[in-house]
Amino acid sequence: ADLEKWFSEREDELREFIGIYVLAHYRNRPDDVALIGEAPHHHARLLRSSDGTIVAAVHLAREGGLDDDLIEQILAGLEPSGNVVPSLMVKYYPPYKHFAKYVGWRIVRIAVHPQLTDKGLGSLALQDLCDEARLENLDWVGAGFGATKELLNFWIKNDFVPVHISPTRNPASGEYSVLVVRPLSRRAERLVEVANHEFKLRLLNSLYDTYFDLEVEVARLLLYSPYGREEVELNLSKSQKARLKAYVDGIVTYEAANDAIKSLVKAHFMLKSDKRIKLEEIEEELLIAKCLQGKSWSDTANACGFPPSKIKSAIRGLVSRLWEGYKVEEA
C-alpha cells in the first residue's frame, strides 16, 4: 500500500484498512494509525476482493540488522524500542545473539474482515507476505501475540515455530505472550531450529512451576514442532526402568514411578512431531496435565474434560504405548 498517498489523498482507503482492525476487535489506540504513517520501518499490506474491497489487513515492522554494540547493550539489559523479535532472541538465546544481525518482518497485526473468516484469507495473506519477503532476501517473518488455541493453530499451520513464551501472563489480556518465527533463509533456519529446541526444553522443564496454570491445549500446540530429535533419548537408571516396567505391568502405582514416567513423556515431546508415537490431542493433553504439570488426578480430568473415573487407567495405557512404541526395555 502507498501509505503516503493514503494519508494525503486516499483517507477513505486508510479508514477501510483501520476499520478491519476495529471490526476484528483489536485493542486499537489513536497512535496506532500515526505509527503506520510516521515510522519509516512500519509498512502496510492488504488483500482486496475482486470488487476492490479490502478483506485482509497486515501491519508490518522491519526489524533486525543490529550492530554488535547494540546487541551487547541488549545483553546488558537495554530494551530498545522496536526490534522486538531480535531483542527477545538476544535476551533468551545469548549464544545465538547474531540472529539480531538478520533482517525480517514482524507482523504487528493481521486481521481478516469478520464476515470472511475461516476461508483461508489470513493464510493467503501470510503466504503472499512470506513470498515477498523471500524476494527481498529477508531472513525471517515473525509475530508476537497472546497465546490461545485458535491463534496458535493459525500460526503453526502456516509454518511459524514458537521460540519464546513470556514468564508471566499479560496483566491486560490474562494470556501468556508467545513469539513465533518462520525462517526464510538457510542461516535463519539453523538458528530457529536451535532456538525451538531450547524453547521446548525450557517449557518442558517449567510446566510444573512457572507454567503450571498454562492451558493444556496451548501447551500441546507449543510443543508441536517440525524440529527436534530423530529418536528418543532416555537416560533412565536400571531402577527407574524397572519401576517404569512395573507401572506398565500394573504392579506399582503412578506415584511410585512418576520420575521415570516424566522422563519418558519429556522424551516423547522432544522428538520431531512426525517422529512421535501417534496420539490423539486429548491423549497428549492428559500426559501434559498429569505427568508434566503434576496436576492432581481430579484437576487433570477437569483440565482435559476427561471422565475422572477413567483417568488413572487412561494414563497407564498411554505410558504403556510410549514404553512399547519407543522400545524402552531395549534402550
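Worth saying up front: this structure is predicted, and the values here are computed from it rather than measured.

(A) Helix α7 (residues 149–157), seen in detail. Within the sequence span of α7, burial applies to L152, F154, W155 and I156. Against β3 (103–112), α6 (121–135), β4 (140–146), β6 (176–183) and α9 (216–222) lie the buried residues of α7.

(B) Geometry of the nonpolar core. Ranked by internal contacts, the top residues of the largest apolar core, which has 91 residues, are I107, W155 and L214. Filtering out sequence-adjacent residues up to four positions away, L214 remains in contact with I165, R169, Y176, L203, L207, A219, L222 and Q293. Counting five residues, the second largest nonpolar core, distinct from the first, contains I71, I74, V90 and A100.

(C) Up close: the side chain of R276. Positionally, R276 belongs in the loop between α11 (254–270) and α12 (281–292). For the buried residue R276, which engages in no salt bridge, the nearest side chain bearing the opposite charge is E284, 4.1 Å off. A distance of 3.2 Å separates a polar side-chain atom of R276 from the backbone oxygen of L271. Setting aside anything within four residues of it in sequence, one finds R276 in contact with K200, L223, Y224, S225, H268, F269, L271, E284 and Y326.

(D) Highlighting the packing of helix α13 (residues 297–304) against helix α14 (residues 311–325). One way to put it is that α13 packs onto α14 with a least axis distance of 10 Å and a crossing angle of 80°. The angle between the axes of α13 and α14 places the two elements in the roughly perpendicular class. Along its contact with α13, which presents W297, T300 and A301, the element α14 presents I311, K312 and I315. Among the residues forming the contact of α13 with α14, the class breakdown is four nonpolar, one polar and one charged.

(E) Layout of the layout of surface pockets. When its volume is computed, the second largest pocket comes out at roughly 280 Å³. If you trace the second largest pocket, you find 14 residues lining it, with R220, Y224, L279, E281 and E284 closest to the centre. With three residues, α7 is the single largest residue contributor to the lining of the second largest pocket. Residues belonging to the lining of the second largest pocket are distributed by class as follows: five nonpolar, two polar and seven charged.

(F) Inspection of the sheet that holds strand β1 (residues 42–48) at higher detail. Taken in spatial order, the six strands of this open sheet run β1-β2-β3-β4-β6-β5, and their pairing is mixed. The open sheet terminates on both sides in strands that have one partner only, identified here as β1 and β5 (161–169). Averaged over neighbouring strand pairs, the angle between their axes works out to 25° when direction is ignored. In this sheet, β6 lies alongside β5 in antiparallel orientation, the contact comprising five bridges. Note that in β6 the partner of H164 across the bridge is L179. Along the sheet face, α6 touches β1, β2 (54–64), β3, β4 and β6 and points at about 160° away from the line of β3.

(G) Representation of the pattern of salt bridges within the structure. Considering all chains together, one arrives at 18 salt bridges under this definition. A salt bridge links R134 to D131, with the nearest nitrogen and oxygen atoms 3.7 Å apart. Note that R134 and D131 are positioned in helix α6 at a spacing of three residues, about one turn of the helix. Taking the shortest distance from any N to any O, the salt bridge between R169 and D213 comes out at 3.2 Å. Pair noted here: R169 is in strand β5 and D213 is in the loop between α8 (186–204) and α9, with a separation of 44 residues, a long-range link.

(H) Quick peek at the packing of aromatic side chains. Considering all chains together, one arrives at eight aromatic pairs under this definition. Seen in terms of ring centroids, F145 and W155 are 5.8 Å apart; in terms of plane orientation they differ by 15°. Their pairing is stacked. A residue pair is termed long-range when its members are at least 10 positions apart, and F145 in strand β4 and W155 in helix α7 qualify at ten residues. This pair shows no difference in class: F145 is buried, exactly as W155 is. Consider the rings of Y247 and Y254, whose centres lie 6.1 Å apart with planes at 75°: the pair is edge-to-face. Here the two residues Y247 and Y254 agree in accessibility, since each one is buried. A network of ring pairs unites the aromatic residues F145, F154, W155 and F160 as a single cluster. The side chain of K262 reaches across the aromatic face of Y208, ending 4.6 Å from its centre. Directly above the ring of W297 sits K290, whose terminal nitrogen or CZ lies 4.4 Å from the centroid.

Conventions used here
- Residues numbered from 1 in each chain as written.
- Predicted model: local features only at pLDDT ≥ 70, side-chain atom pairs only at ≥ 80, totals over all residues.
- Heavy atoms only, no water.
- Buried < 20%, exposed > 50% of the residue type's maximum accessible area, 1.4 Å probe, protein only.
- Helix = DSSP H or I, 4+ residues; strand = E, 2+ residues; numbered from the N terminus.
- Contact = heavy atoms within 4.5 Å.
- Core = buried A, V, L, I, M, F, W, Y, C linked by side-chain atoms within 4.5 Å.
- Lys, Arg positive; Asp, Glu negative; His and termini not counted.
- Salt bridge = Lys/Arg side-chain N within 4 Å of Asp/Glu carboxyl O.
- Polar contact = N/O pair within 3.5 Å; in protein donor to acceptor, adjacent residues only side chain to side chain.
- Axes fitted to C-alpha atoms, helices over the stretch in contact; angles between N-to-C directions.
- Parallel < 35°, antiparallel > 145°, perpendicular 65-115°, else oblique.
- Nonpolar A, V, L, I, M, F, W, Y, C, P; charged D, E, K, R; others polar.
- 1 Å grid on protein atoms, 1.4 Å probe; cavity = no way out; pocket = protein on both sides within 12 Å on 5 of 7 lines; lining within 4 Å.
- Points joined across faces, edges and corners; volume = space filled by probe spheres on them.
- Pairing = 2+ DSSP bridges.
- Phe/Tyr/Trp six-rings, centres within 6.5 Å; stacked < 30°, edge-to-face > 60°.
- Lys NZ or Arg CZ within 6 Å of the ring centre and 35° of its normal.

Any functional reading would require information that these geometric values do not contain.
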